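Single-letter residue listing:
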Amino acid sequence: MNIMNMININTKNFNVYTILALLALIAGTLFYISWVVRFPDAWADIGVYSITIVFVLSGILGILLTLYEKPEETD
């Protein structure tokens, strides 16, 4: 059984929550890049990782949850 056949993602479900999730993903990525550019020795700092991972994971999960389409049940 292929996992891609089980996951239905429909871009017609694109809404405000999807935009907020995209913004969180972009904010996390930009935060990490800007912090590393400003402080080059802090690329492996756990504090930077902890803030970045909250934004990036919430963005990815938000996108997946808002675009997920419930599979139809067949009898």
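Residues numbered from 1 in each chain as written. Predicted model: local features only at pLDDT ≥ 70, side-chain atom pairs only at ≥ 80, totals over all residues. Heavy atoms only, no water.

In terms of regular secondary structure, the chain is built from 3 helices and 0 strands. Here the contacts in the chain between residues at least 6 apart in sequence split such that 75% fall between residues at least 24 apart. When the accessible surface of the chain is summed, it comes to about 6200 Å², and 70% of that surface belongs to carbon and sulfur atoms. (Helix = DSSP H or I, 4+ residues; strand = E, 2+ residues; numbered from the N terminus. Contact = heavy atoms within 4.5 Å. Areas by Shrake-Rupley, 256 points an atom, 1.4 Å probe, with all protein chains shown as cover.)

This part is about the packing of aromatic side chains. Evaluation of the coordinates by the stated rule reveals 3 aromatic pairs. With 5.7 Å between their ring centres and 35° between their planes, Phe 31 and Trp 35 make a pair best called tilted. Placement of both Phe 31 and Trp 35 in helix α2 (residues 16-38) is noted, with a separation of 4 residues, approximately one turn of the helix. Aromatic ring contacts, followed pair by pair, group Phe 31, Trp 35 and Phe 39 into a single cluster. (Phe/Tyr/Trp six-rings, centres within 6.5 Å; stacked < 30°, edge-to-face > 60°.)

With 84% of its residues at a pLDDT of 70 or more, the chain has an overall mean of 84. Put simply, helix α1 (residues 3-6) is where the chain has its lowest mean pLDDT, 59, and α2 is where it has its highest, 94. (pLDDT = per-residue confidence, 0-100.)

As a further point, take the environment of Ser 58. Tracing the backbone shows Ser 58 in helix α3 (residues 46-67). Separated by 38 residues in sequence, Ser 58 and Leu 20 have C-alpha atoms that sit 9.7 Å apart. Those residues within four positions of Ser 58 in sequence are excluded, and the remaining contacts are Ala 21, Ala 24 and Ile 53. Only 2.8 Å separates the side chain of Ser 58 from the backbone oxygen of Val 54, close enough to count as a polar contact. (Polar contact = N/O pair within 3.5 Å; in protein donor to acceptor, adjacent residues only side chain to side chain.)

So, on to the environment of Leu 64. With respect to the element layout, Leu 64 can be found in helix α3. Residues Leu 64 and Asn 10, spaced 54 residues apart in sequence, show a C-alpha to C-alpha distance of 10.0 Å.

For α2, which comprises 23 residues, the first-to-last C-alpha distance of 32 Å matches the rise-based estimate of 33 Å (1.5 Å per residue) to within 8%. Structurally, the start of α2 carries an N-cap: the backbone nitrogen of Tyr 17 is 3.1 Å from a side-chain oxygen of Asn 15. (Expected span 1.5 Å × (residues − 1).)

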